[in-house]
Amino acid sequence: MQYKYRSLIVAATLLCACTQDAGKDDSYDPAHDYFSFARTDQFITDHLALDLRVDFEMRELRGSVSLDMRRLEPEAKEIVLDTRDLSVSNAQVELPDGSFVPAEFRFGEQDDVMGTPLIVSLPATADVASEFRLVIDYATSPRSTALQWLPAELTAGSEQPMMFSQSQAIHARSWVPLQDTPAVRVTYEAVIQTPPELLAVMSASNELPVVRDGEYSFDMPQPIPAYLLAIAVGNFYFAPLGETTGVYTEPELLDASVYEFADTQAMLEQAESLFGPYEWGRYDLLVLPPSFPYGGMENPRLSFITPSLLAGDRSLVSVIAHELAHSWSGNLVTNATWRDGWLNEGMTSYLESRLMEVIYDKDRVDEERVLGYRELLLDFESVPPAMQALAPRLDKGDPDDFQGTIHYHKGQLFLQYLENAFGRDAFDEFLGAYFDEFAFRTITTERFLDYLDEKLLQAEGSAVTRAEAEQWLYKPGLPDDAPIPYSLSLDAAEAVATAWAEGKIDAGEIPIATWSPQATVHFINSLPADLAADRLSELDQVLGLSDTRNAEIGRTWFIQVAKRRHTAAYEMLEQHLNRYGRGRLIYPVYLALAENGADRELAQTMFESARSAYHPLIDAGIARALKESEQ
Ligand code: BES
Ligand code: ZN
């Protein structure tokens, strides 16, 4: 993601002096969502009801949405909704007596990132009350950026097609016309018609026991932002993981998923004792095919998960801890705009590490902390300084990929810094009160800062000043007193890399069998730049790196293979690019190949043959990144 930025770095660095203090810039309103057309000062949606038919032949959802709206400005007559690639056939207002009045509608000007505003005029003939229902008949396009329509051959079972959504950040508008901004929270209900042999699931309560009859109803009684609307339809079956947790996936992946995610119930219970009550009823997972673009997506009650976590040894389940932790940071207390994304992702990365410490042990988490820190340092090399703030100025570009993983790792470090400064007990108390205070609300970075100030910074003897907190939030890089994660076991793996590279030990003496996958990742990243090809081949042969089942080890190894032009492993590298569709696992491999000075065309060729299996967002992202790397 951060890679898209390279060509912009120079220009942005020149600009950064005037944009560093994003939160204080006069012309910029940090509380405004620049990625939605909705006029939330005029109208607010409280509830929506979907009635949709899933058509695999046409690759479309067709039906209606009913939006229960409130008018905040008595004179306001036009409702602006977000859409992208939707066709709308009818709009009506339902009056309190149950009758319908047609409403005129038109599309505004299309924007490449934001889509197209749909402007609905409230009918002058009807005396529309301050609360009313707007009903829109519409259909999605096969190009919907949120939806991937998978032919049977891209599923594990190869017999039934599948469809799933990914609404974050601003893709809900490509399958539902709505106010697509986290500033608005809605409860929702849905009736979904599918081919009778398939099962529909949503980020809502799924009826249990499930009757597979092609008509499914859902209810989400807690108010959620639009980016958490989610749907998937496929040959899904369910297996319980614990009393209130379980997993949906294709039958072919069910046993492996039950094994890999066996700790989910324990995670949920620990999370409740650390962060406060879990507000969403059940917590289930949906394990999707490899083209799912992310590691996981925190759709409420039902996290969507990449199958690349199925390593067979539970070594990658910090992603589950992460998505679960979003049930507090993100789903319960939500970032006001994408510029405040660190409130979701940084806070969640911190909670994830706390949870992992309890479920597993501190050494394992320290390893992950160090790997995260290393990724952060890499991001600082490619992200323009103005975008290195936790809460940068964000009013253009694409909110999906504006600053790599800075929100995650720098955000996590900031909270770790606060924990260190105030002590774990006091900080835990703060977090509990924070989730309680802002539950089911949407907040800006500035609201967080004021709350932090009031509860901790102003307390007598406070170890942190407001200015210090502001430095984290509004300045690039890291403050001098930022905590630096440290792991003895990773240090040891690094020392082994050096010893082997210097010929002091043989490849056979590398104790890889005793290492965690994280240590192996660190070992690979610690190899010196100037290793000869035959030495890399030797390493690969002895350690079996190209054959790894672990997606993170594969990612790390094939980035190095590409950077070093280790052509002996290119066939396996291509297999990696065909096996996975998760952006994190493949983007950097393509980019390393395209930028190694010799293999840009090869990267393009490999992409052409792999891309039909990728998610539309990943496909577009890689196409753009490869194009940019041409220049
Ligand atoms: N909410 C994110 C995924 C996301 C972020 C989608 C921004 C669209 C825009 C999810 O919780 C996430 O962070 N996934 C990570 C997992 C990881 C950091 C443990 C991923 O996919 O790699
Ligand atoms: Zn996340």
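Residues numbered from 1 in each chain as written. Chains lettered and ligands numbered in written order. Predicted model: local features only at pLDDT ≥ 70, side-chain atom pairs only at ≥ 80, totals over all residues. Heavy atoms only, no water.

Peer 1: Any chance you could explain the site of ligand 1 here in plain terms?
Peer 2: Contacts to ligand 1 come from 15 residues, most closely from Gln168, Gly295, Glu298, Glu323 and Tyr408. Contact distances for ligand 1 include 3.0 Å between an oxygen atom and a side-chain N or O atom of histidine 322. The separation between an oxygen atom of ligand 1 and a polar side-chain atom of arginine 582 is 3.1 Å. Elements with a contribution of two residues or more to the shell around ligand 1: β19 (296-297) and α4 (318-325). Top element by residues in the shell around ligand 1 is α4. It accounts for three residues. (Near = heavy atom within 4 Å. Polar contact = N/O pair within 3.5 Å; in protein donor to acceptor, adjacent residues only side chain to side chain. Helix = DSSP H or I, 4+ residues; strand = E, 2+ residues; numbered from the N terminus.)

Peer 1: Got a minute to help me understand the pattern of salt bridges in this structure?
Peer 2: Two side chains of opposite charge can pair, provided their charged atoms sit close to one another. Under the defined criterion, the tally for this structure stands at 35 salt bridges. We note a salt bridge from arginine 424 to glutamate 357, for which the minimum N-O separation is 3.2 Å. Here arginine 424 is found in helix α8 (residues 424-437), whereas its partner glutamate 357 is found in helix α5 (residues 341-359), with 67 residues between them in sequence. Notably, a salt bridge pairs arginine 565 with aspartate 599, separated by 3.0 Å at the nearest N-O pair. With arginine 565 in the loop between α14 (551-563) and α15 (570-579) and aspartate 599 in the loop between α16 (583-594) and α17 (600-610), the pair connects residues that are 34 residues apart, well separated along the chain. Looking at aspartate 599, the relative accessible area reads 5%, which means it is buried. Here the residues in one salt-bridge network are Arg354, Glu357, Lys362, Asp366, Arg369, Glu419, Arg424 and Asp428, joined through shared partners. (Salt bridge = Lys/Arg side-chain N within 4 Å of Asp/Glu carboxyl O. Buried < 20%, exposed > 50% of the residue type's maximum accessible area, 1.4 Å probe, protein only.)

Peer 1: What's the story with the side chain of histidine 576 in this structure? I'm lost.
Peer 2: Topologically, histidine 576 is positioned in helix α15. If near-sequence neighbours (up to four positions away) are discounted, histidine 576 is found in contact with Ala551, Gly554, Arg555, Phe558, Leu585, Ile586 and Val589. (Contact = heavy atoms within 4.5 Å.)

Peer 1: Just checking my understanding: could you explain helix α3 (residues 264-275) for this structure?
Peer 2: For an α-helix, 3.6 residues make a turn, and residues three or four places apart therefore share a direction. Over its twelve residues, α3 runs 16 Å from end to end, which matches the ideal 16 Å to within 8%, given 1.5 Å per residue. Along α3, the residues that are buried comprise Thr264, Gln265, Met267, Leu268, Ala271 and Phe275. For α3, the angular spread of buried residues about the axis comes to 160°, placing them on one side. Residues of α3 that are buried in the fold lie against β17 (245-249), β18 (283-287), α4, α5 and α8. With its phi angle positive at about 110°, glycine 276 sits one or two positions after the end of α3. (Expected span 1.5 Å × (residues − 1). Arc of directions from axis to C-beta.)

Peer 1: Help me out: how do you make sense of the sheet that holds β17 in this one?
Peer 2: Each strand in a sheet pairs with another by means of backbone hydrogen bonds, the pair being arranged parallel or else antiparallel. One open sheet holds the five strands; their spatial order is β16-β17-β18-β20-β19, and the pairing between them is mixed. Either end of the sheet is taken by a strand with one partner, and the two such strands are β16 (237-240) and β19. Two elements, β16 and β17, share four bridges in a ladder whose sense is antiparallel. Paired with alanine 239 across the two strands is valine 247, which belongs to β17. Strand contacts of α4: β18, β19 and β20 (302-305), with the helix running at about 130° to β18, the strand carrying the most contacts. (Pairing = 2+ DSSP bridges. Axes fitted to C-alpha atoms, helices over the stretch in contact; angles between N-to-C directions.)

Peer 1: Mind showing me how you'd approach the coordination of the zinc ion (ligand 2) here?
Peer 2: In ideal tetrahedral geometry, four donors around a metal make angles of 109.5 degrees, whereas ideal octahedral geometry with six donors gives angles of 90 or 180 degrees. Within the first shell, the zinc ion (ligand 2) binds the protein through His322 (NE2), His326 (NE2) and Glu345 (OE), at distances of 1.9 to 2.1 Å. If you list the donors of the zinc ion (ligand 2) from N- to C-terminus, the spacing comes out as H-x3-H-x18-E. In this pair, histidine 322 sits in helix α4 while glutamate 345 sits in helix α5, placing the two residues 23 residues apart along the sequence. For histidine 322, a relative accessible area of 7% gives the class buried. Since its relative accessible area comes to 8%, glutamate 345 is described here as buried. (Donors = N, O, S within 2.8 Å, 3.2 Å for Na, K, Ca; no water.)

Peer 1: It is not clear to me how the packing of α8 against helix α9 (residues 445-457) should be interpreted in this structure. Could you clarify?
Peer 2: Packed helix pairs are characterised by how far apart their axes lie and by the angle those axes make with each other. It is the contact of α8 with α9, at a shortest axis distance of 11 Å, that shows an interaxial angle of 135°. The angle between α8 and α9 places the two elements in the oblique class. For the pair α8 and α9, the crossing hand works out as right-handed. Packed against α8, whose contacting residues are Phe427, Phe430, Ala433, Tyr434 and Glu437, the element α9 presents Phe448, Tyr451, Leu452, Lys455 and Leu456 at the interface. Looking at the contact of α8 with α9, its residues break down into eight nonpolar, no polar and two charged. (Parallel < 35°, antiparallel > 145°, perpendicular 65-115°, else oblique. Left-handed = near helix turned anticlockwise from the far one by under 90°. Nonpolar A, V, L, I, M, F, W, Y, C, P; charged D, E, K, R; others polar.)

Peer 1: Would you mind showing me how to read the domain arrangement of the protein here?
Peer 2: Accessible area lost upon the coming together of the parts is a frequently used measure of interface size. Each domain of the protein was delimited in the assignment, giving domain 1 (8-14 + 326-474), domain 2 (43-315) and domain 3 (488-628). For domain 2 versus domain 3, the distance between C-alpha centres works out to 35 Å. If you look at the interface, domain 2 gives 23 residues, while domain 3 gives 18 residues. A buried area of about 1300 Å², summed over both sides, lies between domain 2 and domain 3, and 56% of it is on carbon and sulfur atoms. Among the residues domain 2 hides against domain 3, the three largest losses belong to Pro293, Ser308 and Ser315. Together they make up 32% of the total. In this assembly, domain 2 and domain 3 are joined by zero salt bridges. On inspection of domain 2 and its partner domain 3, the count reaches five residue pairs in polar contact (both at pLDDT 80 or more). (Domains from an automatic or database assignment. Buried area = accessible area lost by both parts, 1.4 Å probe.)

Peer 1: What exactly am I supposed to notice about helix α10 (residues 466-474) here?
Peer 2: Buried residues of α10: Ala469, Glu470, Trp472, Leu473 and Tyr474, and no others. Buried residues along α10 sit in contact with α5, α7 (406-422) and α9.

Peer 1: Help me out: how do you make sense of the sheet that holds strand β7 (residues 116-121) in this one?
Peer 2: Taking strand neighbours across the sheet as the criterion, the three strands line up as β3-β7-β6 in an open arrangement whose pairing is antiparallel. Edge positions in the open sheet fall to β3 (78-83) and β6 (104-107), since each of these has one partner strand only. Strand-to-strand twist in this sheet, taken as the mean axis angle between neighbours without regard to direction, amounts to 25°. Direction of pairing for β3 relative to β7: antiparallel, over a ladder of six bridges. Bridge pairing in β7 links isoleucine 79 to valine 120.

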